[in-house]
Amino acid sequence: MSRSIAVVGCGAIAQEYHLRAIAKRRHEFDRVWVVDPNERARETACSIVDAEQCVTLAEIPEDLQFVIVASPNNNHFSATREALWRNANVLIEKPFVIWPDEGRELIRLAEERHRILAVNQTRRFFPYTQELLGRISRGEFGALKSVVHREGVKLNWPFVSGASFARNAQRTGVIMDFGVHVLDFYQYLLSPMWTFVSTTHDGFNGPEGLAEIMLEADNASISIKLSRHQQQENKAYLDFENARVSINVFNFSAYSVTSHSEQRNSSRIVRLPPIDSAFLPDTILSNFLAATTGQEKIMCDAASSLPVIEILDKIYKFANHYPEAPGKV
């Protein structure tokens, strides 16, 4: 049987991540398809990997074993449902859906068809994430008390379609950009029961660029500030009973621990093997393909990401306006 893969959506994330990873493993596929209504985007995709072009997934006449959905957020549900109906295993860009009901339907369909439904949540693959998961799971730091997370840079992502800024775009701002990653990071580490407290953002007349989110993860308070307007501290502080864990969100291979004791506090930096720019796309594709044959467990299946979509739904539904212009807050 031929082995084929289709990439739906040939914008920036496909060009920077998925297509380059596929190009390195091109010999493993009989056919590669790139799917996008934009001819220039398809041509660019074909300059990265030897592929055949089509405008829609329905135009591909043959069976598909693998589909990567990297189209705009509002297309994730329909493209993934179509791929699952064609019995393909699917890797979806984050957020895997916008609405929780859509996520439940896709999870049900994947289970019925015994297919892998994976989500590209890159932070689960970071070296410090894996190290911290083990230490938290073993109870080394004690119970979590609070998290303060500050993240933001001036937006410079090379958007191709512009769909995130369309007049009718829904849930496409910083919360669905950085925020999905941030919440999934804590979902993966803590597996909490989320409780919504409050949200304030500036996106009621378009995609939000600044947001402040207050949640509870079990009994711990979670304070998150996100910005696409200006540089933030880009640090996270996780306070446990016995230690504080400090993370630079853009240093994937180190974190610091300040241990508390009755005598004194002691701090040390934990250093892990560095990663290069190819690590994430190559590892994500490798994990996805290996999971379809049972060689590995999928790092982020859609079911484990659904609680993030559910709490994001509340974050958007019950958000308040900022009292001042974003630059003043």
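Just so we're clear, the structure is a prediction, and the values are computed from it rather than from any experiment. Within each chain, residue numbers correspond to sequence positions counted from 1 in written order. Totals for whole chains, interfaces and linings use every residue, but because this is a predicted model, local features are given only for residues with pLDDT of at least 70 and side-chain atom pairs only at 80 or more, for both listing and counting. Based on all heavy atoms of the structure, the side-chain values leave hydrogens and waters out of the count.

Some thoughts on the overall build of the chain
Line of reasoning, step 1. If you tally the helices and strands in the chain, you get 8 helices and 15 strands.
Line of reasoning, step 2. The globule rule used here is 2.2 Å times the number of residues to the 0.38 power, and the radius of gyration it is set against is calculated over C-alpha atoms. The C-alpha radius of gyration computed for the chain amounts to 20 Å, which stays within 12% of the reference 20 Å derived for 329 residues, consistent with globular compactness.
Line of reasoning, step 3. The C-alpha extent of the chain, read off along each of the three principal axes, is 70 × 45 × 35 Å.
Line of reasoning, step 4. Working definition: with a 1.4 Å probe on protein chains only, accessible area under 20% of the residue-type maximum means buried, over 50% means exposed, and in between means partly exposed. Taken across its 329 residues, the chain has 53% of its residues classed as buried.
Line of reasoning, step 5. Contacts are assigned to residue pairs that have any heavy atoms within 4.5 Å of one another. Pairs at least 24 apart in sequence give 69% of the contacts found in the chain among residues at least 6 apart. Comment: elements are numbered from the N terminus, with helices defined as DSSP H or I runs of at least four residues and strands as E runs of at least two.

Quick word on the environment of Lys297
Line of reasoning, step 1. Following the sequence through the fold, Lys297 ends up in the loop between helix 7 (279-292) and helix 8 (302-317).
Line of reasoning, step 2. For the pair Lys297 and Asn287, spaced 10 residues apart in sequence, the C-alpha separation works out to 7.6 Å.

Focus on the pairing of strand 10 (residues 220-227)
Line of reasoning, step 1. With 7 of its 8 residues buried, strand 10 lies for the most part within the structure.
Line of reasoning, step 2. Pairing of strand 7 (residues 144-152) with strand 10 involves 7 bridges; the strand directions are parallel. Paired with Glu151 across the two strands is Leu226, which belongs to strand 10.
Line of reasoning, step 3. Any two strands are treated as partners once DSSP identifies two or more bridges connecting them. Pairing of strand 9 (residues 210-217) with strand 10 involves 8 bridges; the strand directions are antiparallel. Bridge pairing in strand 10 links Ile213 to Ile224.

A word on the packing of helix 6 (residues 174-190) against helix 8
Line of reasoning, step 1. Relative to each other, helix 6 and helix 8 sit at 130°, their axes nearing to 10 Å. One finds that helix 6 runs oblique with respect to helix 8. As for how helix 6 packs across helix 8, the hand of that crossing is right-handed. Contact with helix 6, carried on its side by Ile175, Met176, Val180, Leu183, Asp184 and Gln187, involves Ser304, Ser305, Pro307, Val308, Ile311, Leu312, Ile315 and Tyr316 of helix 8 and no other residues of that element. Lines fitted to the C-alpha atoms define the axes, with helices restricted to the stretch that makes contact. Angles between their N-to-C directions range from 0 to 180 degrees. Roughly parallel means an angle under 35 degrees; roughly antiparallel means over 145; roughly perpendicular covers 65 to 115; every other angle is labelled oblique. In this scheme the handedness of a crossing depends on how the near helix is turned from the far one: anticlockwise by less than a right angle means left-handed, clockwise means right-handed.

A short note on helix 4 (residues 100-113)
Line of reasoning, step 1. Taking 1.5 Å of rise per residue, 14 residues should cover 20 Å, and helix 4 covers 20 Å from first to last C-alpha, within 8% of that figure.
Line of reasoning, step 2. Buried within helix 4 we find Pro100, Gly103, Leu106, Ile107, Leu109 and Ala110.
Line of reasoning, step 3. Taken together, the buried residues of helix 4 touch helix 3 (76-85), strand 6 (117-120) and helix 8.
Line of reasoning, step 4. Within two residues after helix 4, His114 carries a phi angle of roughly 55°, on the positive side. Helix span, as expected, comes to 1.5 Å for every residue beyond the first.

A look at the sheet that holds strand 11 (residues 235-240)
Line of reasoning, step 1. Sheet architecture is open: 9 strands sit in the order 14-13-12-11-7-10-9-8-15, paired in mixed fashion. In this open sheet, the two strands that pair with only one neighbour each are strand 14 (266-271) and strand 15 (320-321).
Line of reasoning, step 2. Of the pairings in the sheet, the one linking strand 8 (residues 194-201) to strand 9 comprises 7 bridges and is antiparallel in character. Each residue of the ladder has a partner; that of Thr200, found in strand 9, is Glu212.
Line of reasoning, step 3. In the packing of helix 5 (residues 127-137) onto the sheet, contacts are made with strand 11, strand 12 (243-248), strand 13 (254-259) and strand 14, and the angle to strand 13 comes to roughly 30°.

Side note on the nonpolar core
Line of reasoning, step 1. Side-chain atoms within 4.5 Å are what join buried Ala, Val, Leu, Ile, Met, Phe, Trp, Tyr and Cys residues into a set we call a nonpolar core. Core analysis: the biggest nonpolar cluster contains 103 residues, and Phe96 and Leu238 have the highest contact counts within it.
Line of reasoning, step 2. Element by element, the count of residues in this core is highest for helix 6, at 12 residues.
Line of reasoning, step 3. Those residues in contact with Phe96 that sit more than four places away from it in its chain are His76, Gly103, Leu106, Ile107, Val119, Ala302, Ser305, Leu306 and Ile309.

Digging into the packing of helix 4 against helix 8
Line of reasoning, step 1. Their axes nearest at 9 Å, the elements helix 4 and helix 8 cross at an angle of 170°. Relative to helix 8, the element helix 4 is oriented roughly antiparallel. As helix 4 packs across helix 8, the resulting crossing turns out to be left-handed. Along its contact with helix 4, which presents Pro100, Gly103, Arg104 and Ile107, the element helix 8 presents Ala302, Ala303, Leu306, Ile309, Glu310 and Asp313.

Here we look at the sheet that holds strand 5 (residues 89-93)
Line of reasoning, step 1. An order of 3-2-1-4-5-6 is seen for the 6 strands of this open sheet, with the pairing classed as parallel. Looking at the sheet topology across the chains shown, the edges are occupied by strand 3 (52-54) and strand 6. Strand-to-strand twist across the sheet, computed as the mean angle between neighbouring axes with direction ignored, equals 20°.

Section: helix 7
Line of reasoning, step 1. Taking 1.5 Å per residue as the helical rise, helix 7 with its 14 residues ought to reach 20 Å, and the 20 Å between its terminal C-alpha atoms agrees with that figure.
Line of reasoning, step 2. What helix 7 keeps buried is the set Leu280, Pro281, Ile284, Leu285, Asn287, Phe288, Leu289, Ala290 and Ala291.
Line of reasoning, step 3. Gly294 sits one or two residues past helix 7 and shows a positive phi near 80°.

Side note on the environment of Phe279
Line of reasoning, step 1. The residue Phe279 is located in helix 7 in this model.
Line of reasoning, step 2. Put simply, Phe279 and Glu59 are 220 residues apart on the chain and 32 Å apart in space, counted from C-alpha to C-alpha.

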